[in-house]
Amino acid sequence: MAKLPDIVLDVVMEASPEKIWPYVATADGLGAWFMGSTLRPIEGEPFFLHAGPYGDSPCRVIAVEPPTRFAFDWDAHWSVEFILEPLDGRTTRVTLRHAGWDDDHVSPTGQSHAVIRQIMEGGWRRKLTEDLPRAVLGSSLM
């Protein structure tokens, strides 16, 4: 097995975990910065991420711990976890962990995990440092 490292990224935002939570744990919130979905934040609940030209990706909610932890399985091999850690009364560290990378597997698009991991790490970095803060700080989803 050729295990590849998890993608682990974090950003500090000037918002409380309670303000950020709906953006990582609801369909409307994820749709505001990541991608559309049929997500309902209930442990064990299946849902789909609408991955545009790549079609719908099957997922399953694996952890719902408001307002600090939300996680889901994505496709056959991956898991995604968001940790919201309050740092003080005004800021929160948002940590993303995208795990399950193994170069012995191919993605649903037919590319190796090594190729997809590199693409997704750059995409996650932009999403987490630009798109999520823009959505949270520029809107009042609740």
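Residues numbered from 1 in each chain as written. Predicted model: local features only at pLDDT ≥ 70, side-chain atom pairs only at ≥ 80, totals over all residues. Heavy atoms only, no water.

### Concerning the overall build of the chain
- Per the secondary structure count, the chain includes three helices and six strands.
- The order of helices and strands in the chain, counted from the N terminus, is β-α-α-β-β-β-β-β-α.
- Computed over C-alpha atoms, the radius of gyration of the chain comes to 15 Å, within 12% of the 14 Å expected from 2.2 N^0.38 for 142 residues, which places it in the range of a compact globule.
- Across its three principal directions, the C-alpha atoms of the chain cover 45 × 25 × 25 Å.
- The buried share of the chain, reckoned over its 142 residues, is 42%.
- By element, 53% of the accessible surface of the chain is carried by carbon and sulfur atoms, the whole surface being about 7200 Å².
- Charge centroids of the chain, computed over 13 positive and 20 negative side chains, lie 4 Å from each other. (Helix = DSSP H or I, 4+ residues; strand = E, 2+ residues; numbered from the N terminus. Rg over C-alpha atoms; globule rule 2.2 N^0.38 Å. Buried < 20%, exposed > 50% of the residue type's maximum accessible area, 1.4 Å probe, protein only. Areas by Shrake-Rupley, 256 points an atom, 1.4 Å probe, with all protein chains shown as cover. Lys, Arg positive; Asp, Glu negative; His and termini not counted. Charge placed at Lys NZ, Arg CZ, Asp CG, Glu CD.)

### Quick word on helix α1 (residues 17-25)
- For α1, the tally of buried residues reaches seven of nine residues, placing the bulk of the element in the interior.
- Taken together, the buried positions of α1 are occupied by Pro17, Ile20, Trp21, Pro22, Tyr23, Val24 and Ala25.

### Observations concerning the pairing of strand β1 (residues 7-13)
- Covered by surrounding structure in β1 are Ile7, Leu9, Val11 and Met13 only, the residues Val8, Asp10 and Val12 on the alternate face being uncovered.
- Bridge count between β1 and strand β6 (residues 92-99): seven bridges; the pairing is antiparallel. Bridge pairing links Leu9 to Leu96 in β6. (Pairing = 2+ DSSP bridges.)

### What about the sheet that holds β6?
- Strand order in the open sheet formed by six strands is β1-β6-β5-β4-β3-β2, and the pairing between neighbours is antiparallel. Only two strands of the sheet have a single neighbouring strand rather than two, namely β1 and β2 (46-50). Geometrically, the sheet is characterised by an average inter-axis angle of 25° between neighbouring strands, direction not taken into account.
- Of the strands in this sheet, β1, β4 (69-74), β5 (78-86) and β6 touch helix α3 (residues 113-137), which is tilted by about 10° from β1. (Axes fitted to C-alpha atoms, helices over the stretch in contact; angles between N-to-C directions. Contact = heavy atoms within 4.5 Å.)

### Focus: the pairing of β6
- With six of eight residues buried, β6 lies mostly within the body of the structure.
- Across eight bridges, the pairing between β5 and β6 is antiparallel. The partner of Pro86 across the bridge, within β6, is Thr92.
- Between the antiparallel neighbours β5 and β6 lie five residues.

### A closer look at α3
- When the terminal C-alpha atoms of α3 are compared, their 33 Å separation across 25 residues agrees well with the 36 Å that a helix rising 1.5 Å per residue should span.
- Along α3, the helix axis deviates most sharply at Lys127, where the bend reaches about 40°.
- Within the span of α3, buried status applies to His113, Ile116, Arg117, Met120, Trp124, Lys127, Leu128, Asp131, Leu132, Pro133, Ala135 and Val136.
- Close packing links the buried residues of α3 with β1, α1, α2 (27-33), β4, β5 and β6. (Expected span 1.5 Å × (residues − 1). Bend = angle between axes of the 7 residues up to and from the residue.)

### Section: the nonpolar core
- Trp33, Phe70, Phe72, Trp74, Phe82 and Trp124 are the most contacted members of the largest nonpolar core, which has 39 residues in total.
- Sort the elements by how many residues they give to this core and α3 lands first, with seven residues.
- Here Trp33 is in contact with Tyr23, Val24, Phe82, Trp124, Lys127, Leu128, Asp131, Leu132 and Ala135, once residues within four sequence places are set aside. (Core = buried A, V, L, I, M, F, W, Y, C linked by side-chain atoms within 4.5 Å.)

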